[in-house]
Amino acid sequence: MLTYPEKWQHLPERFRQEGPRRMLALDGGGIRGLVTLGILERLEKLVSERTGLKLGDYFDYIAGTSTGAIIAAGLASGMTVAELVEFYRSCGKHMFEPAFLVERVKYFYTADPLKRKLQDVFGGDTRLGSGKLKCLLLVVTKNVTTDSPWPISNNPDAKYNDRSRTDCNLQIPLWQLVRASTAAPVYFPPEILQWDPDNMSRTFVFADGGVTPHNNPAFLLYRMASDPAYRLGWKTGEQNMLIVSVGTGAAESLGATAAAPNKNIVSTVAGLPGALMYGIQVDQDISCRTIGRCTFGSRLDRELLDMVPRQVQDSMTLEEQNAAPMVPLTCDLGSRFLYARYNADLSAEGLRAAGFEDVNPASIQKMDAVENMETLLAIGGKAGDALQPVHFGKFI
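Throughout this description, residue numbers start from 1 for each chain and increase along the sequence as written. Since the coordinates come from a predicted model, pLDDT governs what is reported: local features require at least 70, and pairs of side-chain atoms require 80 or more to be given and counted, while whole-chain, interface and lining totals use all residues. For side-chain calculations, the full set of non-hydrogen atoms in the structure is used, while hydrogens and water are omitted.

Draft legend 1. Here's a closer look at the packing of helix 3 (residues 67-76) against helix 4 (residues 81-96). Note on method: axes are straight lines fitted to C-alpha atoms, helices fitted across the in-contact stretch only, with angles between N-to-C directions ranging 0 to 180 degrees. Here a helix means four or more residues in a row that DSSP labels H or I, a strand means two or more in a row labelled E, and each is numbered from the N terminus. Where helix 3 contacts helix 4, the two axes come as close as 11 Å, and the packing angle between them is 145°. For the pair helix 3 and helix 4, the crossing hand works out as right-handed. Across from Thr67, Ile70, Ile71, Gly74 and Leu75 in helix 3, the residues of helix 4 making contact are Val81, Leu84, Phe87, Tyr88, Met95 and Phe96. Classification convention: Asp, Glu, Lys, Arg as charged; Ala, Val, Leu, Ile, Met, Phe, Trp, Tyr, Cys, Pro as nonpolar; all other residues, Gly among them, as polar. Looking at side-chain class alone, the contact of helix 3 with helix 4 contains nine nonpolar, two polar and no charged residues. Left-handed describes a crossing whose near helix is turned anticlockwise from the far helix by less than a right angle; the clockwise case is right-handed. Here, residues are in contact when the closest pair of their heavy atoms is within 4.5 Å.

Draft legend 2. Region of the structure containing the pattern of salt bridges. We count a salt bridge whenever a side-chain nitrogen from Lys or Arg sits within 4 Å of a carboxyl oxygen from Asp or Glu. Per the stated rule, a full pass over the model turns up 16 salt bridges. The closest approach of N and O atoms between Glu41 and Arg42, which form a salt bridge, is 3.7 Å. Measuring nitrogen to oxygen at the nearest pair gives 3.2 Å for the salt bridge that ties Asp385 to Arg42. Separated by 343 residues along the polypeptide, Asp385 in the segment after helix 14 (373-384) and Arg42 in helix 1 (residues 33-51) bring together distant segments of the chain. Relative accessibility decides the category of a residue: with a 1.4 Å probe and only protein chains considered, values under 20% of the type maximum give buried, values over 50% give exposed, and everything between is partly exposed. Residue Asp385 is classed as partly exposed on the basis of its relative accessible area of 42%. Owing to a relative accessible area of 30%, Arg42 belongs among the partly exposed residues under this scheme.

Draft legend 3. How the structure looks around the layout of surface pockets. Here a cavity denotes a set of grid points, spaced 1 Å apart and computed over the protein atoms alone, in which a 1.4 Å probe fits but from which it cannot get out, and a pocket denotes an open set meeting protein on both sides within 12 Å along at least five of seven lines; residues with an atom within 4 Å of a point are reported as lining. Grid points are joined across faces, edges and corners, and a volume is the space filled by probe spheres set on the points. Here the second largest pocket is characterised by a volume of approximately 1200 Å³. If you trace the second largest pocket, you find 35 residues lining it, with Ser298, Arg299, Leu300, Ala344 and Asp345 closest to the centre. Residue assignment for the lining of the second largest pocket shows that the elements contributing at least two residues are helix 10 (272-291), strand 8 (293-296), strand 9 (338-342), helix 12 (348-353) and helix 14. For the lining of the second largest pocket, the element with the highest residue contribution is helix 10, accounting for six residues. Looking at the lining of the second largest pocket, its residues break down into 15 nonpolar, eight polar and 12 charged.

So this is what it looks like as structure tokens:
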């Protein structure tokens, strides 16, 4: 039995018990957060059928970056996936649709539609340390003032969550923290947060958490749950920790070739931020599959395959190895955690394979094309069909 000091009293009873612990990590990606929600619809159904719980009650720790922060905060607050889908349907145009230049200028001085919507959903007075949250929550932000990623959680034992501090993180309004994580450059002004009302030096400017190395926050979530520096210290191991990671859709960007090294060089430079975000997401995914035991995930490349431990033989071809049965989870391989990664392939080939051959890849890959909302949700739902109870072992 864990000690349960006063500072943990606002969290649910289950935190009194030692593990196993279940965690959920949600990528950034603008309006493509609807892909995430499509996948989460299937996850919610599976969890409900097996446990009768909402996702915010099933998972002990939920992390999100940018659009993933909106979803993570919603789930942690007890919202259902259907409620979050409705939020995106009603507010997506206000949050993500490209504005005309004059409107963008206006946003910087007079209007912020995302701010109003987040206050409506989470409450203007709800704090990060509020008892309204059903689980631990991690929101990834980018502190522009210090030029560094700032992952902020409601872990009561964290150094900067000491309520005796005048700059305690738990006093931050939840809507404002989420707004800081979603402050995409050009679309919305940066978020300014003053930690200590009596000390202006503790005032910082924040921008979209998606421009940090943690647009996929899964490996960061593992660190913050287990490393002693974060003062949570959850026990690791395949029987003790599960991390489910959900993306917003992905597709490789093809650039110049050896035959034409200067071809499309302008478009390549223009697409550099998206390409960097894609590369970072893949790298974080590989880190999780290396340290953790992957039970499901798409093939990474021809060398790594999907990194799911399989019952293979030397005589098997590459295709046969990738289709071989998974090593049963009853056989503990000594990894730090179980790990499943769900995402949708938004390339032309991936869309055709999923039955969306009429969808324009260039359009669906955009992070601000609100006209694609229903299609994105359907694509996520199709990707979510891959969820199987076997991926979760004893955790479900």
